[in-house]
Structure formats: structure tokens, C-alpha cells
Amino acid sequence: LPVLFKEELKSEEVQEGASVTLSCELTKEAPVKWKIGPTVLKASDKYQMRQSGTTAELVIRDLEVKDA
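Residues numbered from 1 in each chain as written. Predicted model: local features only at pLDDT ≥ 70, side-chain atom pairs only at ≥ 80, totals over all residues. Heavy atoms only, no water.

Student: So what exactly am I meant to see when it comes to the pairing of strand β6 (residues 55–60) here?
Tutor: For a regular strand, side chains alternate in direction, first toward one face of the sheet and then toward the other. Inspection of the sheet shows strand β2 (residues 20–26) paired to β6 by six bridges, in the antiparallel sense. For Glu25, the partnering residue across the bridge sits in β6 and is Thr55. Here strand β5 (residues 47–52) pairs with β6 via six bridges, running antiparallel. Bridge pairing links Met49 to Leu58 in β6. A loop of two residues connects β5 with β6, the two strands running antiparallel in sequence, and Gly53 in this loop sits at a positive phi of about 60°. (Pairing = 2+ DSSP bridges. Helix = DSSP H or I, 4+ residues; strand = E, 2+ residues; numbered from the N terminus.)

So this is what it looks like as C-alpha cells:
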């Protein structure tokens, strides 16, 4: 069976310069790639990815307009 979203991402409104944590839940465990447009994000000081079982989280620090 394909992997589906059990709980999809929710829109968040956050001030520039702040941090945000985005999360989603899958129907079964699978690797997740986070993207902004066509660009795949890589772990860095700005982006932190965590995954535990079927829950995946992305933390974005020092938000800018381009992170929308």
C-alpha cells in the first residue's frame, strides 16, 4: 500500500526572525524529504529534520519571507 498522510501539514503564521515547527503524520513509516518549491532541504543551522516512526517534523529557524 502507498504511504499517505494521516495528518497533513497545517498552515502557520509566524513573525519574521522567529522559529516554527511543522509536522505531519504518515499512515506507515517511510523516509520524508522536506522541500520548499523544487528545492530539497538539508539539515543545517536553519533547518532541522526529525522523524520518529510515522511522525515527521521540520524546524525552521530565523524565518524569512522566502520560507513561506
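Student: Help me out: how do you make sense of the UniProt feature "domain: Immunoglobulin I-set" (unreviewed entry) in the protein in this one?
Tutor: The UniProt entry lists residues 5–68 under the feature "domain: Immunoglobulin I-set" (unreviewed entry), expressed in the numbering used here. Annotated as 0% helix and 41% strand, the span residues 5–68 places its first and last C-alpha atoms 21 Å apart. (UniProt positions renumbered as here; feature names shortened; annotations may be inferred.)

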